[in-house]
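What follows is each chain in one-letter form.
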Amino acid sequence: METYTFLRAMADSWALLVLVLVFVGVILFVFRPGSRRVQKDAAESIFRNESRPAAEDDEKKEDR
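It should be emphasised that the depicted structure is a prediction, and the values quoted were computed from it without experimental measurement.

Draft legend 1. Up close: the confidence of the model for the protein. Overall, the prediction assigns the protein a mean pLDDT of 82, with 81% of residues at 70 or greater. Mean pLDDT values for the elements of the protein range from 58 in helix α3 (residues 56-63) up to 90 in helix α1 (residues 3-30).

Following this line, the structure appears as structure tokens:
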């Protein structure tokens, strides 16, 4: 068996299986129990200073 043919067969079968398992793993990780709080905090992080501006001390530190 040629090297190219062997590598092509591996890529067609095993690489596809690995990619499907990684996809399923990511989906399960995202929808795992207990992750709702973390995801909600990340989604709302851009609105933390919406009711009032950030403190001046924080702005001065960013200028440095």
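Draft legend 2. Focus on the pattern of salt bridges. This structure, assessed with the given rule, holds two salt bridges. With its nearest N and O atoms 3.5 Å apart, the salt bridge here joins R8 to D12. Of the two residues, R8 and D12 are both situated in helix α1; the distance of four residues between them amounts to about one turn of the helix. Note on R8: relative accessible area 45%, which makes it partly exposed. What makes D12 partly exposed here is its relative accessible area of 47%. Here D41 ties to R48 by a salt bridge, and the two come within 2.8 Å at their closest N and O atoms. On the basis of relative accessible area, D41 is assigned to the partly exposed category, the value being 43%. Judged by its relative accessible area of 53%, R48 falls in the exposed class.

The rules behind each value
- Residues numbered from 1 in each chain as written.
- Predicted model: local features only at pLDDT ≥ 70, side-chain atom pairs only at ≥ 80, totals over all residues.
- Heavy atoms only, no water.
- pLDDT = per-residue confidence, 0-100.
- Helix = DSSP H or I, 4+ residues; strand = E, 2+ residues; numbered from the N terminus.
- Salt bridge = Lys/Arg side-chain N within 4 Å of Asp/Glu carboxyl O.
- Buried < 20%, exposed > 50% of the residue type's maximum accessible area, 1.4 Å probe, protein only.

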